[in-house]
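Secondary and tertiary structure notes
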Amino acid sequence: MNVNKHEEQQDQGKDGEQVSTSTTLDTAGVPEAAIPELVIISGMSGAGRSTAAKCLEDLGWFVVDNLPPALIPTMVELGARSQGNVARIAVVVDVRGRRFFDNLRESLADLEVKHVTRRIVFLESSDEALVRRFESVRRPHPLQGDGRIVDGIDAERELLRELRGDADLVIDTSSLNVHELRAKMDAQFAGEEEPELRATVMSFGFKYGLPVDADLVADMRFLPNPHWVPELRPFTGLNEEVSAYVFNQPGAKEFIDRYSELLRLIAAGYRREGKRYVTIAIGCTGGKHRSVATSEKLAARLAAEGVETVVVHRDMGRE
């Protein structure tokens, strides 16, 4: 269910002055098991917040669109007192409620004190993709005022910079269509039982730019490029002969072994810090051969060790 809330709740102060209300989470007497899960969806306007929210709604989450951050604890409290009817809540926070953004950190701190399980999903996209999307629907950016679309985008990035840094999951939608974004959300939230750690292993080509949502980046350009082998050039790293060529090169198998060991160490630290999602980007020149073969091999290794893993080949087929 989507609930649109656009009006700021205020009380009358002295001399008729309008004073914003603030709330804290009161779950006294409510069993901790009854406190609902909370996902906060935010990010750049035009990056796909509505699609992400709709996906969670389809998965059975109670979705509230554009809820003022100061009211998030109240929403969680109501869910906790719903006798299990509202077990999972997703809240969309965007710049339409920018007057309330100062309250967000206070609300998050209150949730942490009350041991509420909360996650922040941040939808990111490139300036070029955002401009193209706004122009295609002939709508202004909500923050551009009398300026250009890019002025609004710059202002929004600055406003959301700190929240992006706190995000548990960053999804770059620059090259994703609606169906691909939904698939990513499904991969992260469709399971009934929350795994300890979920990993996205993404191959990419350096000539197309670094993935902005990558937590870790590895460069496979130290291996010979199958592009220069005529019989392998037409194929991708999904081809068995290409994969065999890549992993018969000196250092390839050692890389997988040692990088897997490093990821075990990093994953343990992520779990201790409460981080549930990691995006591992594996790059080569064009994102067709070496990075694809390595991503497949690394993902299989992670899956064998009990890490729920999704493989994405960002640039395969772009050449």
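Everything here concerns the structure above.
Residues numbered from 1 in each chain as written. Predicted model: local features only at pLDDT ≥ 70, side-chain atom pairs only at ≥ 80, totals over all residues. Heavy atoms only, no water.

A look at the side chain of S45
Within the element layout of this structure, S45 appears in the loop between strand 3 (37-43) and helix 1 (49-58). Looking at S45, the relative accessible area reads 4%, which means it is buried. Side-chain polar atoms of S45 contact the side chain of E156, separated by 2.7 Å. (Helix = DSSP H or I, 4+ residues; strand = E, 2+ residues; numbered from the N terminus. Buried < 20%, exposed > 50% of the residue type's maximum accessible area, 1.4 Å probe, protein only. Polar contact = N/O pair within 3.5 Å; in protein donor to acceptor, adjacent residues only side chain to side chain.)

Comments concerning the sheet that holds strand 11 (residues 308-313)
The parallel open sheet is built from four strands, whose spatial order is 9-10-8-11. Strands at the two margins of the open sheet, each flanked by one partner only, are strand 9 (216-219) and strand 11. Adjacent strand axes in the sheet meet at a mean angle of 20° when their direction is disregarded. With six bridges joining them, strand 8 (residues 198-205) and strand 11 adopt parallel strand pairing. (Pairing = 2+ DSSP bridges. Axes fitted to C-alpha atoms, helices over the stretch in contact; angles between N-to-C directions.)

Considering the pairing of strand 4 (residues 62-65)
Judged from the four bridges that link them, strand 4 and strand 5 (residues 88-92) form a sheet pairing that is parallel. Among the inter-strand pairings, F62 is bridged to a residue of strand 5, identified as I89. Viewed along the sheet, the connection from strand 4 through helix 2 (residues 72-80) into strand 5 turns out right-handed. (Right-handed = clockwise from strand over helix to strand, strands pointing away.)

Some remarks on helix 1
The buried fraction of helix 1 amounts to seven of the 10 residues, a majority that puts the element mostly inside the structure. Taken residue by residue, helix 1 has R49, T51, A52, A53, C55, L56 and E57 as its buried positions. Taken together, the buried residues of helix 1 touch strand 3, strand 4, strand 5, strand 6 (118-124), helix 5 (149-166) and helix 6 (178-189). Just downstream of helix 1 lies G60, where phi reads positive at about 100°. (Contact = heavy atoms within 4.5 Å.)

Brief notes about helix 3 (residues 104-113)
When helix 3 is considered as a whole, its buried residues turn out to be L104, S107, L108, D110 and L111. Buried residues along helix 3 cover an arc of 160° about the axis, so they all sit on one side. In helix 3, the exposed positions that point more than 90 degrees away from the buried face belong to E112 and V113. On its buried face, helix 3 is in contact with strand 3, helix 2, strand 6 and helix 5. H115 lies just past helix 3 and shows a positive phi near 60°. (Arc of directions from axis to C-beta.)

So, the sheet that holds strand 3
The strand order across the open sheet built from five strands is 4-5-3-6-7, with neighbouring strands paired in parallel fashion. In this open sheet, the two edge strands, each paired with only one partner strand, are strand 4 and strand 7 (169-172). Between one strand and the next, the sheet's axes are offset by a mean angle of 20°, whatever the strand orientation. Pairing between strand 3 and strand 5: five bridges, direction parallel. When the bridges of strand 5 are listed, I41 appears paired with V92. With respect to the sheet, helix 5 is in contact with strand 3, strand 6 and strand 7, its orientation differing from that of strand 6 by roughly 140°. Contacts between helix 6 and the sheet are confined to strand 3, strand 5, strand 6 and strand 7, with strand 7 contributing the most and set at about 160° to the helix.

A look at the pairing of strand 6
Within strand 6, six of the seven residues are buried, leaving the element largely enclosed by the surrounding structure. Sheet topology places strand 3 next to strand 6; six bridges connect them, and they run parallel. Bridging from a neighbouring strand, G43 pairs with L123 of strand 6. Here strand 6 pairs with strand 7 via four bridges, running parallel. Residue pairing across strands places L123 opposite I171, the latter belonging to strand 7.

Re the pattern of salt bridges
Counting across every chain of the model gives 19 salt bridges. Here D127 ties to R157 by a salt bridge, and the two come within 2.8 Å at their closest N and O atoms. With D127 in helix 4 (residues 127-137) and R157 in helix 5, this residue pair connects regions lying 30 residues apart in the sequence. D219 is the salt-bridge partner of R221, the closest N and O atoms lying 2.9 Å from each other. With a relative accessible area of 41%, R221 lands in the partly exposed category. (Salt bridge = Lys/Arg side-chain N within 4 Å of Asp/Glu carboxyl O.)

Overview of the packing of aromatic side chains
To describe a pair of aromatic rings, one takes the distance between the centres and the angle between the planes. The tally for this structure, following the rule as stated, stands at five aromatic pairs. For the pair F189 and Y277, a centre-to-centre distance of 6.2 Å together with 50° between the ring planes defines the contact as tilted. Placement of the pair is F189 in helix 6 and Y277 in strand 10 (residues 277-284), with a sequence separation of 88 residues. Pairing F255 with Y259 gives two aromatic rings, centres 5.1 Å apart and planes at 15°, and the pair type is stacked. One end of the pair, F255, and the other, Y259, are both in helix 8 (residues 252-272), four residues apart, so they sit about a helical turn from each other. Classification of Y259 as buried rests on a relative accessible area of 11%. A network of ring pairs unites the aromatic residues W61, F189 and Y277 as a single cluster. Looking at K297, its charged tip hangs above the ring of F247, at a distance of 4.9 Å from the centre. (Phe/Tyr/Trp six-rings, centres within 6.5 Å; stacked < 30°, edge-to-face > 60°. Lys NZ or Arg CZ within 6 Å of the ring centre and 35° of its normal.)

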